[in-house]
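Chain by chain, the residues run as shown.
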Amino acid sequence: MAKANNLAYQAEPWEEKLNGQIILMSPRPSVNHNQLIGNIYHIFRSYLKGKACKAFTDGVDVFLTDKDNVIPDAMIVCNKDIIKPDGIHGAPDLVVEVLSPSTAKNDRGYKKDLYEAAGVKEYWIVDPTMRSIEAYLLSDRRKYVLDGFYGLFPDNPSITELERQESKKEIPVSLYSDFRIPLEEIFYDML
């Protein structure tokens, strides 16, 4: 009987609520998607050990408004008062979304606007195919500004050799002045 309950739990789909509409999430991310999230979470968690902020990975609900609860791929939360047993109740300090064909439109559109309005200080959009990251920081005017575009761009004919050489290969985390992550660590061991 316990096995049947465990299987039922595993088959239960995750869902987000965006503007009051329930969005079912894919229950099985690709290997690269999963590897990437694991790499980012491991880097965040290792750096944050013993610090005030805490890292979370895919599967933790974030309740931002009555009409919006999301499940980011990774995040950092510095306000421990918003961490509850059922999820995060308020804006994380940094949110990471890894693009997939089924989520890209929301990650670049509604969710980006939602995170901005909620006061998420830093938002990363990670593209596993291009092995790139767009990093947005919340300005004094509470609007996102593209802080940088970071990429490795493997085997991409649309990227020139000069663009590849000049692209930033290390991404700073704005929450800490000494927290910089080489892209090779983020995209490590991807297929």
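For clarity, every value in this text was computed on a predicted model and none was experimentally measured.

Observations concerning the nonpolar core
Of all hydrophobic cores here, the largest spans 28 residues; its most connected members are Phe44, Val96, Trp124, Val126, Ile171, Ile181 and Ile186. Breaking this core down by element, the ones donating at least two residues are helix H2 (31-48), strand E6 (74-77), strand E9 (94-98), strand E10 (122-127), strand E11 (132-138) and helix H6 (183-186). Sequence-distant contacts of phenylalanine 44, defined by excluding residues within four places in its chain, comprise Ala55, Met75, Ile76, Leu94, Val96, Trp124, Val173, Phe179 and Ile181. Leu64, Val70, Ile82 and Leu99 belong to the second-largest nonpolar core, a separate cluster that totals 19 residues.

Structural notes on unusual backbone geometry
Positive phi, normally seen in glycine, also occurs at arginine 131, with a value near 50°. When you line up the elements, arginine 131 lands in the loop between E10 and E11. The phi torsion at aspartate 189 lies on the positive side, around 65°, for a residue other than glycine. By the element assignment, aspartate 189 lies in the segment after H6.

Quick notes on the pairing of strand E4 (residues 62-65)
In terms of strand pairing, E4 meets strand E5 (residues 68-70) through three bridges, oriented antiparallel. Bridge pairing links threonine 65 to aspartate 68 in E5. As paired elements, E4 and strand E8 (residues 87-89) share two bridges and run parallel to each other. The partner of phenylalanine 63 across the bridge, within E8, is histidine 89.

Here we look at the state of the cysteines
The final tally for this structure, using the stated rule, is one disulfide. A disulfide bridge connects cysteine 53 with cysteine 78, and the sulfur atoms are separated by 1.9 Å. The disulfide joining cysteine 53 to cysteine 78 has a torsion of about 95° about its S-S bond and is therefore right-handed. Taken together, the residues cysteine 53 in the loop between H2 and strand E3 (54-57) and cysteine 78 in the loop between E6 and strand E7 (83-84) connect sequence positions 25 residues apart. Taking relative accessible area as the criterion, cysteine 78 reaches 24% and is therefore assigned partly exposed.

Section: H2
Turn by turn, an α-helix covers 3.6 residues, leaving residues three or four places apart pointing in a common direction. Taking 1.5 Å of rise per residue, 18 residues should cover 26 Å, and H2 covers 26 Å from first to last C-alpha, within 8% of that figure. Listed as buried for H2 are Asn32, His33, Leu36, Ile37, Asn39, Ile40, Ile43, Phe44, Tyr47 and Leu48. When H2 is viewed along its axis, its buried side chains cluster within an angular range of 160° and face the same direction. Of the exposed residues in H2, the ones pointing more than 90 degrees away from its buried face are Val31, His42 and Arg45. Buried residues along H2 sit against E3, E6, E9, E10, strand E14 (180-182) and H6. Where H2 terminates, the next one or two residues include glycine 50, which has phi positive at roughly 85°.

Some points on helix H4 (residues 110-118)
Those residues of H4 that fall on the buried side of the exposure criterion are Lys111, Lys112, Leu114, Tyr115 and Glu116. Phi turns positive one or two residues past the end of H4, at glycine 119, with a value near 95°.

Calculation rules
Residues numbered from 1 in each chain as written. Predicted model: local features only at pLDDT ≥ 70, side-chain atom pairs only at ≥ 80, totals over all residues. Heavy atoms only, no water. Core = buried A, V, L, I, M, F, W, Y, C linked by side-chain atoms within 4.5 Å. Buried < 20%, exposed > 50% of the residue type's maximum accessible area, 1.4 Å probe, protein only. Helix = DSSP H or I, 4+ residues; strand = E, 2+ residues; numbered from the N terminus. Contact = heavy atoms within 4.5 Å. Pairing = 2+ DSSP bridges. Disulfide = S-S within 2.5 Å. Expected span 1.5 Å × (residues − 1). Arc of directions from axis to C-beta.

Treat this as a map of the structure, not an account of what it does.
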